[in-house]
Amino acid sequence: MREESEVVIVGAGPSGLSVGACLRARGVPFVMLEREAAVGPAWRRHYDRLHLHTVKQFSSLPRMPWPEGTPTYPSRAEFVAYLEAYAQRFGLVPRFGEDVRSARREGDGFLVRTAEKEYRARSLVVATGLNRVPYVPSWPGQGAFEGTLVHSSAYKNGAAFQGKRALVVGTGNSGAEIALDLWEHGARPTISVRGPVHVVPRDMNGIPSQVTSLFLFSKMPPALADKISLFVLDRVVGDLSRHGFVRPELGPISQVVFQRRIPLIDVGTVELVKQGHIEVAKEVQSFGAREVTFVDGARRPFDLVVLATGYRTGIADVLEGAEGWLDERGYPRHFGAPVPDAPGLYFIGFRNPLTGQIHDIAIEAERIAGFVAKEGRS
């Protein structure tokens, strides 16, 4: 069975909902497909303690500010409630349980297939998000580990691990906050630092780091922004190398711009490391039945291992011919505008810019809707 539509939006998270609201405001019909049973599915799966690392004033979706009384850094649960209210306000009704199996160009449009149906559309908006496919590395002996081993996507909170020895592999924002959550629940956490990492406090001298990036660093050449940011971090954070955190050679702003790697936005983990409450280990080398060996030869026992090792977009698994539109890590090379050699194709929500992901999703959604509406009139 085939259905015709002006636009197909794949994904009903913040990006898909934003595009839907902007298209609706312009009177452009669309179909929104979501493989799970509710809006914002990735946010529903995230660990309980998660809060936005960006402030509410610059983290709202198009045409709907946060309600009065929302804290500066909304929680995961508050963001899910906001997405539900957003969908209701703009009459966005995704087709849930529609898992897109393939999408490809067909003539002057796109053919999108789910398990039950085909959709033919002039434009295709891919809004499946950064957290679609958990990335689970493999180490020697991993299958023999007798403790609990989970990816961070399956971690909710540390309530069941009081008194347990826990290893968190990865020092991205999720890994750092999960280690903090485990300590708050009485576990004995260790973080495996897999490589050099910049550490930036969420707030510096009472100013959110997002605000500094939005109004200062994003307007500067990266090299100059690096010099200023490192000067400040030297005085606010200091040298963390003796605590196991080594800075990359590339500056923090250049790393975001050129490598799409964001710093560790610290919400208290580093202070607990300094106090000795959270230990730091090197990269994992192998697993034993109840222990983990690290690349420096250290061997430690653990009851729990949380793999905060990130995600893959999974775009190439669904979108035929996507390789030419993706970089070596599988992220789109173009966002918020038509893909140059694929008219009608749009990507949104696949980057973490200096200015904040949700902030830029709102901008890109309006831009995409404008392009789509213009194409429809031509």
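## A closer look at the side chain of His198
- Of note, His198 is situated in the loop between β10 (188-192) and β11 (199-201).
- Taking relative accessible area as the criterion, His198 reaches 1% and is therefore assigned buried.
- Within the local environment of His198, its side chain forms a polar contact with the backbone oxygen of Leu250, the two atoms lying 2.7 Å apart.
- The residues touching His198, leaving out its near neighbours within four places in the chain, are Leu230, Arg247, Pro248, Leu250, Gly251, Pro252, Gln255, Pro263 and Leu264.

## A closer look at the packing of helix α1 (residues 14-25) against helix α3 (residues 76-89)
- Packing of α1 against α3 leaves a shortest axis separation of 10 Å and a crossing angle of 25°. As summarised for this structure, α1 and α3 are arranged roughly parallel, according to the angle between their axes. In this structure, α1 meets α3 at a crossing whose hand is left-handed. Residues Pro14, Leu17, Ser18 and Ala21 of α1 form the contact with α3, whose own contacting residues are Phe79, Leu83, Tyr86 and Ala87.
- Grouping the constituent residues of the contact of α1 with α3 by class yields seven nonpolar, one polar and no charged.

## What to know about the pattern of salt bridges
- Per the counting criterion, the structure on display carries 29 salt bridges.
- Arg49 is the salt-bridge partner of Glu177, the closest N and O atoms lying 2.9 Å from each other. Note that Glu177 is positioned in helix α4 (residues 173-184) and Arg49 in the loop between α2 (41-45) and α3, a separation of 128 residues in sequence.
- According to the relative accessible area criterion, Glu177 is buried, its value standing at 2%.
- Here Glu366 makes a salt bridge to Arg63, at a shortest N to O gap of 3.1 Å. Taken together, the residues span a long stretch of sequence, with Glu366 in helix α10 (residues 357-377) and Arg63 in the loop between α2 and α3 at a distance of 303 residues.

## Re the packing of helix α6 (residues 222-236) against helix α7 (residues 252-259)
- The interhelical angle for the contact between α6 and α7, taken along N-to-C directions, is 140°, at an axis separation of 6 Å. Taken together, α6 and α7 sit at an angle that is classed as oblique. From α6, Pro222, Ala223, Ala225, Asp226, Ser229, Leu230 and Leu233 reach across to α7, where they touch Pro252, Ile253, Ser254, Val257 and Phe258.
- Residue composition of the contact of α6 with α7, by class: nine nonpolar, two polar and one charged.

## Section: α4
- Its twelve residues give α4 an end-to-end C-alpha distance of 17 Å, which sits within 8% of 16 Å, the value for a rise of 1.5 Å per residue.
- α4 sits mainly inside the fold: nine of its twelve residues count as buried.
- Within α4, the full set of buried residues consists of Asn173, Gly175, Ala176, Glu177, Ile178, Ala179, Leu180, Asp181 and Leu182.
- Tucked into the core, α4 has its buried residues touching β9 (165-169), β10, β14 (264-266), α8 (269-274) and β19 (304-307).
- In the segment just after α4, Gly186 is the residue with positive phi, at about 90°.

## Topic: the sheet that holds strand β16 (residues 284-287)
- The strand order across the open sheet built from three strands is β16-β17-β18, with neighbouring strands paired in antiparallel fashion. Only two strands of the sheet have a single partner each, and these edge strands are β16 and β18 (299-301). Averaged over all pairs of adjacent strands, the angle between strand axes in this sheet comes to 25°, irrespective of strand direction.
- In terms of strand pairing, β16 meets strand β17 (residues 291-294) through three bridges, oriented antiparallel. Opposite Phe287, over in β17, you have Val292 as the bridge partner.

## Side note on α6
- Spanning 15 residues, α6 covers 20 Å between terminal C-alpha atoms, matching the ideal 21 Å at 1.5 Å per step.
- Buried within α6 are the following residues: Ala225, Asp226, Ser229 and Leu233. Looking straight down α6, one finds that the buried residues subtend no more than 100° of arc, so they occupy a single side. Opposite the packed face of α6, turned more than 90 degrees from it, sit the exposed residues Lys227 and Arg235.
- In this structure, the buried residues of α6 make contact with β11, β12 (203-204) and α7.
- Gly238 lies just past α6 and shows a positive phi near 80°.

Rules of the game
- Residue numbers here run from 1 along each chain, matching the order of that chain's written sequence.
- The predicted nature of this model means local features are confined to residues of pLDDT at least 70 and side-chain atom pairs, given and counted, to a pLDDT of 80 or more, with totals for whole chains, interfaces and linings taken over all residues.
- Excluding hydrogens and water, the side-chain values take into account all heavy atoms of the structure.
- Only DSSP runs of H or I with at least four residues qualify as helices, and only runs of E with at least two residues qualify as strands; both kinds are numbered from the N terminus onward.
- Accessible area is worked out with a 1.4 Å probe on protein chains only. A residue is then buried under 20% of its type maximum, exposed over 50%, and partly exposed in between.
- Any pair of nitrogen or oxygen atoms within 3.5 Å is treated as a polar contact; in protein, a donor-acceptor pairing is required on top of that, and neighbouring residues in sequence qualify only through side-chain atoms on both sides.
- Two residues form a contact once any of their heavy atoms are found within 4.5 Å.
- With axes taken as lines fitted to C-alpha atoms, and helix axes fitted only over the stretch in contact, angles between N-to-C directions fall between 0 and 180 degrees.
- Here the angle decides the label: under 35 degrees means roughly parallel, over 145 means roughly antiparallel, 65 to 115 means roughly perpendicular, and every other value means oblique.
- In this scheme the crossing of two helices becomes right-handed for a clockwise turn of the near helix relative to the far one and left-handed for an anticlockwise turn of less than a right angle.
- Gly is placed with the polar residues, together with every amino acid not listed as nonpolar (Ala, Val, Leu, Ile, Met, Phe, Trp, Tyr, Cys and Pro) or charged (Asp, Glu, Lys and Arg).
- For this analysis, a salt bridge means a side-chain nitrogen from Lys or Arg found within 4 Å of a carboxyl oxygen belonging to Asp or Glu.
- Each helix should span, by expectation, one fewer than its residue count multiplied by 1.5 Å.
- Any two strands between which DSSP finds at least two bridges are classified as paired.
- Each direction from the helix axis to a C-beta atom contributes to the arc, which is the arc of those directions.

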